[in-house]
Structures are given as structure tokens and as C-alpha cells.
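Each chain is listed here by its residues.
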Amino acid sequence: MVTVLGIDACPAGWLAVRLHDGRFAQAQVAPTLRSFLTGARAGSVTVVAVDMPLGLLETGWRRADTEAAAPLGPQRSSVFRVPPRAVWQEQEYDDARRRCRELTGAGLSRQTWGLAPKLREPNACLTEPGGDRLFEVHPEVSFRALSNRAVPLARKKSWAGQMTRRSLLATAGIVLPNELGEAGHTPPDDVLDAAAAAWTAHRIAHGRARSLPDPPERDAGRRPIAIWY
């Protein structure tokens with residue numbers, strides 16, 4: 001039995017959807033991402049797919065973000081450009097914005113900088129035991145693949161958008177129950193995003209996933225930088 005996790009950031013920390021052999025098994029919420037990596041370290045979880053940038057360049061912008069945004073149409077704004085590593089090492093926004101301009105020639109929005117705490121956590125996990133089972137995904141890229149690149153989906157916070165995404169997941173064998181326990185208190189779009197991440201994790205585990213870019217870029221430690229779907 002192949003077990004994978006799809007993880008999305010949520011107000012309470014992180015939300016994980018667990019699949020066993022491609023079928024929904026459980027949804028859990030934890031304050032830290034590391035809480036979900038125990039299975040990966042032990043080898044019982046094959047792939048952990050997380051909706052957060054993994055892998056940072058030393059200068060310039062990542063190709064993964066540009067290539068992921070291009071085909072999304074109205075949803076392209078959901079993919080943000082990820083600045084280099086040194087930007088995220090700053091502690092204050094003004095310093096980070098200044099460093100970003102030095103390294104890329106462009107500024108840094110407060111919205112992007114607001115992701116700093118969440119972005120740092122999975123990137124720190126890359127070099128820890130089980131870190132080789134972490135993969136970056138983007139739910140809108142996954143949903144586009146699920147829909148066979150049909151017309152753009154409605155906004156994920158809208159009723160129509162959520163019903164369509166839930167239906168796409170069900171068609172792929174991921175039937176989300178009406179009751180999710182504690183995880184049911186998280187926003188519905190976070191649950192859907194985590195489930196889409198889990199769908200991609202299952203594809204990665206079976207060697208069916210593709211990456212943007214293909215082949216991936218590499219960071220200074222030769223780890224891949226790519227968005228998988």
C-alpha cells in the first residue's frame with residue numbers, strides 16, 4: 001500500500017490529506033509541518049507534497065513560478081515569483097525588499113513577504129531525514145491537469161469553484177467525506193488544495209508526475225527546484 005500526504009498551509013498551521021493507494025484516508029491539522037514528516041522519516045509515507053515553494057536560488061527568479069503561472073489564465077495571480085534565498089534570510093520587510101532589488105532588479109510585495117514564516121519551515125526540512133520525500137506542488141496547476149486543461153475553473157473560494165474541484169477529485173478517486181473532524185474547521189479551499197497536492201503526491205510516487213520546468217532547476221546544494229503536477 002502506497003501512502004502519500006498532500007499538505008497546505010492553513011490558519012491553524014498545516015493541513016494534510018492522506019491517501020492510501022490513491023484513496024482518501026484521513027485529513028489532519030498540525031501546528032508545524034515537521035509533525036507530518038515522521039512517517040516520511042520512517043519510510044511509511046512515500047511522498048509528501050506541499051503547497052509552498054521548496055528550493056531557493058542564489059540570484060534571479062525561479063523558472064518554476066513563471067512556467068506554472070503562464071497557462072493558468074485568470075488563476076495566474078495565485079502563483080507568485082519566489083525571490084532568492086538571501087531575501088528570506090532577512091528579518092524585516094524593508095531589508096528584504098532592498099535585498100530583493102539588489103539580487104533581482106525588482107521589489108518585493110508585503111503579501112509575498114507575509115509568507116516568510118511558512119516558507120522557511122519546509123525549506124529547513126529539506127536537509128533533514130525524510131526531506132528527500134518532500135516535493136513542491138501548486139494546487140491550481142494540479143487542478144488544471146485534473147481537468148485535462150479544459151476551460152479555466154471558477155475561483156476556488158466560490159461555490160461553483162469548490163464544487164467543480166471536489167468533483168474533479170472524486171473523478172480521480174479522491175472522494176472527500178462530508179465530515180472531516182478537526183480538519184473540517186479549516187477553510188474548504190484549504191482542504192481542496194491539500195487534496196490536490198495529495199493527488200500529485202500519488203502521481204509522483206508512481207512515476208507519473210511531470211515538473212515545471214522539465215528538467216528542474218537546481219539549487220546550490222544540487223536539490224531540484226520545480227513545481228510538480
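A. Structural view of the layout of surface pockets. In this structure, the largest pocket spans a volume of roughly 840 Å³. Taken together, 29 residues line the largest pocket, and the ones lying closest to its centre are D51, S78, F80, H138 and K156. Breaking the lining of the largest pocket down by element, the ones donating at least two residues are β1 (3-10), α5 (110-113), α7 (139-146) and α9 (188-205). For the lining of the largest pocket, the element with the most residues is α9, which contributes three residues.

B. Summary view of the nonpolar core. Ranked by internal contacts, the top residues of the largest apolar core, which has 42 residues, are L15, V17, F143, L169 and L176. Sort the elements by how many residues they give to this core and α9 lands first, with ten residues. Discounting chain neighbours no more than four positions away, the residues touching V17 are V4, L5, G6, F24, Q26, A27, V191, A194, A195 and A198. Among the nonpolar cores identified, the runner-up in size contains 28 residues, and M52, L56, W113 and L126 belong to it.

C. Quick peek at the pairing of strand β4 (residues 47-50). Neither face of β4 is open: one carries V47 and A49, the other V48 and V50, and all of them are buried. Sheet topology note: the β1/β4 ladder contains four bridges and is parallel. Across the sheet, the residue bridging to G6 is A49, located in β4. Where β4 meets strand β5 (residues 134-136), three bridges bridge the pair, whose relative direction is parallel. Within the sheet, the bridge partner assigned to A49 lies in β5 and is F135.

D. The arrangement of helix α4 (residues 93-104) in detail. An ideal rise of 1.5 Å per residue puts 16 Å on twelve residues; α4 measures up with 16 Å between its terminal C-alpha atoms. Tucked into the core, α4 has its buried residues touching α3 (85-89) and α5. Looking one or two residues beyond α4, the residue adopting positive phi is G105, at roughly 85°.

About the cut-offs
- Residues numbered from 1 in each chain as written.
- Predicted model: local features only at pLDDT ≥ 70, side-chain atom pairs only at ≥ 80, totals over all residues.
- Heavy atoms only, no water.
- 1 Å grid on protein atoms, 1.4 Å probe; cavity = no way out; pocket = protein on both sides within 12 Å on 5 of 7 lines; lining within 4 Å.
- Points joined across faces, edges and corners; volume = space filled by probe spheres on them.
- Helix = DSSP H or I, 4+ residues; strand = E, 2+ residues; numbered from the N terminus.
- Core = buried A, V, L, I, M, F, W, Y, C linked by side-chain atoms within 4.5 Å.
- Buried < 20%, exposed > 50% of the residue type's maximum accessible area, 1.4 Å probe, protein only.
- Contact = heavy atoms within 4.5 Å.
- Pairing = 2+ DSSP bridges.
- Expected span 1.5 Å × (residues − 1).

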